[in-house]
Amino acid sequence: MSLVTDFFRQMDGAVGVVELVEKFKGQMNKSTIYRILDRLEDEGRVHSFLGGNGLKHYAKCHNCTSGHHSDIHPHFQCTSCGKVECVSCEIAIPELPNKRIQQVQLFLTGTCEGCSS
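Notes on the structure in this doc start here. Sequence order as written defines residue numbering, which begins from 1 separately in each chain. Reporting of local features is limited, given that this is a predicted model, to residues whose pLDDT is at least 70; pairs of side-chain atoms are given and counted only at 80 or more, and all residues count toward the totals for whole chains, interfaces and linings. Side-chain figures throughout are based on the complete set of non-hydrogen atoms in the structure, without hydrogens or water.

**Points about the sheet that holds strand β4 (residues 75-78)**
Hydrogen bonds between backbone groups are what pair the strands of a sheet, and the pairing can be parallel or antiparallel.
Move 1: Taken together, three strands build an open sheet; the order of strands is β5-β4-β6 and the sheet is mixed. Every interior strand has two partners, whereas the edge strands, β5 (84-86) and β6 (107-110), have only one. Pairwise comparison of adjacent strand axes, ignoring direction, gives a mean angle of 25° for this sheet.
Move 2: Pairing of β4 with β6 involves four bridges; the strand directions are parallel. Residue pairing across strands places Q77 opposite T109, the latter belonging to β6. Following DSSP output, two strands are said to pair if at least two bridges run between them. For helices the rule is a DSSP run of H or I covering at least 4 residues; for strands it is a run of E covering at least 2, with both sets numbered from the N terminus onward. Axis definition: a line fit to C-alpha positions, over the contact stretch in the case of helices; interaxial angles, taken between N-to-C directions, run 0 to 180 degrees.

Below you can see the structure in the form of structure tokens.
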């Protein structure tokens, strides 16, 4: 678990599950990686979202707990270089009558600053 935890401590953006499996394939099997990611998410240390390819991506949490994820923000993927990152901006979640929202996902695509210039 410490390999995956250390990896997230050092990274700033988000990473796809396929990339994580590939990165750690010589050190642990796919099932172990998925179990570790589920545990880290349950502990409020990482959050997941669906990327443009429909696969899960993970990024480290900020100020989350095991009982509550407060990482409600958009994610952005550059269509040129493929980089995926959390976007630091607040979004207003609507109150819906007779409904309890448990998860929100907003995924944006376009070109990043490095690819736009």
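**Points about the nonpolar core**
Across soluble globular proteins, you tend to see nonpolar side chains buried next to one another.
Move 1: By convention a nonpolar core is built from buried Ala, Val, Leu, Ile, Met, Phe, Trp, Tyr and Cys residues, the set being connected through side-chain atoms within 4.5 Å. Buried means the residue's accessible area, taken with a 1.4 Å probe over protein chains only, is under 20% of the maximum for its type, while exposed means over 50%, and partly exposed covers the values in between. Counting 16 residues, the largest nonpolar core has V4, F8, L20 and L37 as the members making the most contacts within it.
Move 2: Listing elements by their share of this core, those giving two or more residues are α1 (2-10), α2 (17-24) and α3 (30-42).
Move 3: If we ignore the near neighbours within four places in the chain, the residues touching F8 are V15, L20, L37, L40, V46, Y58, A59 and K60. Contact definition: two residues touch when any of their heavy atoms are within 4.5 Å.

**What to know about the pattern of salt bridges**
Two side chains carrying opposite charge are able to pair once their charged atoms lie near each other.
Move 1: Salt bridge, as used here, is a side-chain nitrogen of Lys or Arg placed within 4 Å of a carboxyl oxygen of Asp or Glu. Tallied over the entire structure, the rule returns five salt bridges.
Move 2: As a salt-bridge pair, E43 and R39 come within 3.0 Å of each other at their nearest N and O atoms.
Move 3: Residue R39 is classed as partly exposed on the basis of its relative accessible area, which comes to 47%.
Move 4: Between E43 and R45 there is a salt bridge, with its nearest N and O atoms 2.8 Å apart.
Move 5: Of the residues examined, E43 reaches a relative accessible area of 28% and is grouped as partly exposed.
Move 6: Assessed through its relative accessible area of 35%, R45 is described here as partly exposed.
Move 7: Put simply, R39, E43 and R45 are held in one network by salt bridges that share partners.

**A closer look at α3**
Move 1: A helix is expected to span 1.5 Å for every residue after the first. With 13 residues, α3 ought to run about 18 Å at 1.5 Å a step, and its terminal C-alpha atoms sit 18 Å apart, in line with that.
Move 2: Buried residues of α3: I33, I36, L37, L40 and E41, and no others. Summarising the axial view, the buried residues of α3 lie within an arc of 135°, below the 170-degree limit, and thus occupy one face. Facing away from the buried side of α3 by over 90 degrees, the exposed positions are R35 and D42.
Move 3: Lining the buried residues of α3 we find α1, α2, β2 (46-50) and β3 (56-60).
Move 4: The N-terminus of α3 is capped by N29, whose side-chain oxygen sits 3.2 Å from the backbone nitrogen of S31.
Move 5: Two residues or fewer after α3 comes G44, characterised by a positive phi angle close to 80°. When we speak of the arc, we mean the arc of directions from the helix axis to the C-beta atoms. Counting of polar contacts relies on pairs of N or O atoms within 3.5 Å, with two restrictions inside protein: one atom must be capable of donating a hydrogen and the other of accepting it, and residues adjacent in sequence are counted only when both atoms are side-chain atoms.

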